[in-house]
Structures are given as structure tokens and as C-alpha cells.
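What follows is the residue order along each chain.
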Amino acid sequence: MRCRASRDADPPRQDGDRKAHTATASSSFVFARFGILSPSQASLNAIAIALNILSSVGIVLANKWVFAREGFSFGTLLTVIHFVVTFVGLEICARYGLFVRKRIPVRQVAGLCLVFSAFVVLTNLSLQYNSVGFYQMAKVLTTPFIVVVQTIFYGMSFSLRVKAALTVTCVGVGISSASDVQVNVLGTVFALAGVAAAGLYQIWVGTRQKELGVDSFQLLYYQAPISAMMLLFLVPVLDDMGKLSKFEWTASAITSILISASLAFFVNLSTFLIIGKTSAVTYNVVGHFKLCVVVILGFIIFLDPLVWKNALGIAIALAGVFWYSYIKLNNQA
């Protein structure tokens, strides 16, 4: 299968949507394993994006249930469980021949794991010192951060149309999130540091696959257990150990946590697939679309109050998402 560079990049520089051959080969092998005709690269991307959206929306709902109904309010420990289950899921995939394990020196993925752990810590601190509205607005900055870093340090170029579509998307998300915004110096530092950690993690998920010559399955197979071990040491610092020691591990709670963790497997894997086959920027656009879907479902399922500003922001964000998608589809034509 031939890999093509994205057309919205100005040659000879690229916008990061170069497809990793190893990731494509692995995905095609999965289909062949079950006797299914291997789809095109565009179809594989669409499948990964659809899987990411469905599993991400599912995990948001599952985590709400875990936190609110089961009283398991230990975010760091839950993330550790997510990565442990992700590793177990990948081990099962490997044993069934869905991908081939490839030995990767730990030092080659240590930076990726460290920046993810930093992201988790900074996210917790940002939520602790900032209002939810400011936290959500700060997250929007991840997209322009990635564009700037990839332009300056990775020699990538983004067309004016792509930049315009990303701007519309970010503005829409910002408008929909601009409620209860309270700013303080320490909270702002944590929020911006969290943006940098999230951006670097997403960039490195893509670059490490290319640099190490591995696919999404192979890289996540190493990253998941190492990140789980790193975060395990942070559980006593970030989670309330007093409440955790008194938590009742009922069958209902364990089932809910395992459902959340199972969905996390698909979220993590599809995230690596999307970034590996497209780019960190495209993954961010998918993330903005997921936020819109979650907000809309909140109106429908949880009967959240419909505020005109939120509705306007969602409409603008969706317009930006569809514009970006239209540009990318035209580039693939």
C-alpha cells in the first residue's frame, strides 16, 4: 500500500499526516487475520476515528457512573487500572496474532511515559487550582501548541485553509467552554504546563512510531505498563488514601471499573492509531468533535440546561471540524 504525504503541506515540508507504513501493515494484517478484505487507508483512518469517538463517549459516561454512583473518586488509580487493562488487552491481541511484539529499549519510550505521567499530574493540579471553565478553555490551546511546535521543531508546514479551519474549531470550543472562568497565577501555570505536556505526548506518540519503526500496537504495548508503574507511585500523592482505604469493593463497583477500563483499551489503541496514521493535529480535531458530542448528549440524556452560548460554540466548533475534514478528504482525493 502506497503512503502519500498530505496535500495541505507546502513541499518539501509536510504537515505531519504522513502515514506510517508499519502501522498500515499492522492494521491490514488484522483484517487479513479474520479473512476480511483489507480496506483502503482512508477507510482504516475512518474506522480508527469512529472507534475513538464511540469509546471516548462511552468512557465519559462510564467514568461519570464510576465517580458519581460508585463513589470511586480516585482518578490516578483509575488511570493505572486503565493502562493495566490496556496492556492485558494488547497481550491477548499479540497471542492471537493480531500484531507481532517488537523489542524496544525502555529508554526509547521512557520520555513518552514521563511526559504522559506529567500530563496526568498537571491535569489534576489544574482541576484543583482552576475553575472547570478555565480548565476547559486552557485545553483548547493544545491544538495551536502542537501546530507551533511541529512548525518550529519538526519542519512541518500547515496550509492557510487548515489553519483557518483549526482557528474556527478552537474558537467554537472556547465559546462553548467559557463559563465560570476564574483565573489565578498558580492555576494558570499548571494549566499551561498541562497543555505543553499533552501536546508533547501527542506529538511523540506519532514521532516515536516513525523513529522506532513500530506500529501503534507495538508502541502502546510498551508504553502502557511503564506508564502504569510510574503513575502507581503517584497514587498516594494525588488520590485520597484515607477514602481509598475505606472504599467498598462491591461487585457493582468492580464491574463498573472494569467496563471503564475496557473502554480505555479502545480509547488508547485508537488514539495511537489515529496519530500514527494521520497526525496529532487531526487527533486534536477528533477530540474537539468528541467534546461536542459529549455536550450534546448531556443536553439529551442528562437534561443539562441548554445555554445559547454553549449551543453557539458547539455549532461553530462543528463547522470548523467539518471544514477541516473536507480539506483532508480533498487532499486524499
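That block above? That's the structure.
Structure report, in brief. (Residues numbered from 1 in each chain as written. Predicted model: local features only at pLDDT ≥ 70, side-chain atom pairs only at ≥ 80, totals over all residues. Heavy atoms only, no water.)

With that out of the way, let us pick up the overall build of the protein. A tally of regular secondary structure across the protein gives 14 helices and zero strands. Of the regular secondary structure in the protein, the N- to C-terminal order runs α-α-α-α-α-α-α-α-α-α-α-α-α-α. Counting only residues that meet the buried cut, the protein has 50% of its 333 residues in that class. In the protein, 85% of the contacts between residues at least 6 apart in sequence involve partners at least 24 apart. (Helix = DSSP H or I, 4+ residues; strand = E, 2+ residues; numbered from the N terminus. Buried < 20%, exposed > 50% of the residue type's maximum accessible area, 1.4 Å probe, protein only. Contact = heavy atoms within 4.5 Å.)

Side chains that differ in charge, positive against negative, can pair when their charged atoms come close. This structure, assessed with the given rule, holds three salt bridges. Here Arg 95 makes a salt bridge to Glu 91, at a shortest N to O gap of 2.8 Å. Remark: Glu 91 and Arg 95 occur in helix H3 (residues 75-95); sequence separation between them is four residues, near one turn of the helix. The class for Arg 95 is exposed, based on a relative accessible area of 67%. Among the charged side chains, a salt-bridge network with shared partners connects Glu 91, Arg 95 and Arg 101. (Salt bridge = Lys/Arg side-chain N within 4 Å of Asp/Glu carboxyl O.)

A few words now on the packing of aromatic side chains. Scanning the model with the defined rule gives 15 aromatic pairs in all. With 6.1 Å between their ring centres and 85° between their planes, Phe 74 and Phe 247 make a pair best called edge-to-face. Of the two residues, Phe 74 is situated in the loop between helix H2 (41-69) and H3 and Phe 247 in the loop between helix H11 (241-246) and helix H12 (251-277); the sequence distance between them amounts to 173 residues. Consider the rings of Tyr 221 and Tyr 222, whose centres lie 6.0 Å apart with planes at 75°: the pair is edge-to-face. The ring of Trp 204 carries Arg 208 above its face, with NZ or CZ at 5.1 Å from the centroid. (Phe/Tyr/Trp six-rings, centres within 6.5 Å; stacked < 30°, edge-to-face > 60°. Lys NZ or Arg CZ within 6 Å of the ring centre and 35° of its normal.)

Tracing the backbone shows Thr 143 in helix H6 (residues 142-153). Residue Thr 143 is classed as buried on the basis of its relative accessible area, which comes to 2%. Reaching out from Thr 143, the side chain makes a polar contact with the side chain of His 288 at a distance of 2.9 Å. Dropping the residues within four chain positions of it, Thr 143 is found in contact with Leu 166, Cys 170, Asn 284 and His 288. (Polar contact = N/O pair within 3.5 Å; in protein donor to acceptor, adjacent residues only side chain to side chain.)

Counting 51 residues, the largest nonpolar core has Phe 72 and Leu 90 as the members making the most contacts within it. At the level of secondary structure, the elements contributing two or more residues to this core comprise H2, H3, helix H4 (106-129), helix H8 (185-212), helix H9 (216-232) and H12. When residues no more than four places from it in sequence are discounted, the contact partners of Leu 90 are Phe 99, Phe 217, Leu 220, Tyr 221, Phe 265 and Leu 269. Val 147, Val 149, Phe 158 and Ala 165 belong to the second-largest nonpolar core, a separate cluster that totals 15 residues. (Core = buried A, V, L, I, M, F, W, Y, C linked by side-chain atoms within 4.5 Å.)

Residue position: Gly 75 is located in helix H3. For the pair Gly 75 and Asn 124, spaced 49 residues apart in the sequence, the C-alpha separation amounts to 8.4 Å. Gly 75 has contacts with Phe 67 and Asp 239, leaving out every residue within four places of it along the chain.

Looking now at helix H5 (residues 132-139). Restricting attention to buried positions, one finds in H5 the residues Gly 133, Phe 134, Tyr 135 and Ala 138. Along its buried surface, H5 packs onto H4, H6, helix H7 (160-177) and H8.

The end-to-end C-alpha separation of H7 is 26 Å, in line with the 26 Å expected for 18 residues at 1.5 Å each. Those residues of H7 lying buried are Val 162, Ala 165, Leu 166, Thr 169, Cys 170, Gly 172, Val 173, Gly 174, Ser 176 and Ser 177. Along its buried surface, H7 packs onto H5, H6, helix H13 (280-300) and helix H14 (308-332). (Expected span 1.5 Å × (residues − 1).)

Interhelical geometry of H13 versus H14 gives an angle of 145° and a closest axis separation of 10 Å. Pair H13 / H14 crosses with left-handed handedness. Residue-level contacts link Val 281, Thr 282, Val 285, Phe 289, Cys 292, Val 295, Ile 296 and Phe 299 of H13 to Asn 310, Ile 314, Ala 317, Leu 318, Val 321, Phe 322 and Tyr 324 of H14. Looking at the contact of H13 with H14 residue by residue, the class counts come to 13 nonpolar, two polar and no charged. (Axes fitted to C-alpha atoms, helices over the stretch in contact; angles between N-to-C directions. Left-handed = near helix turned anticlockwise from the far one by under 90°. Nonpolar A, V, L, I, M, F, W, Y, C, P; charged D, E, K, R; others polar.)

On to a nonpolar patch on the surface. A cluster of nonpolar side chains, namely Leu 61, Ile 296, Ile 300, Ile 301 and Phe 302, defines an oily patch on the protein surface of about 430 Å² accessible area. For Ile 296, the location among the structural elements is in helix H13. The class for Ile 296 is partly exposed, based on a relative accessible area of 33%. (Patch = residues over 30% accessible without salt bridge, like charges linked within 9 Å, V, L, I, M, F, W, Y side chains within 5 Å. Areas by Shrake-Rupley, 256 points an atom, 1.4 Å probe, with all protein chains shown as cover.)

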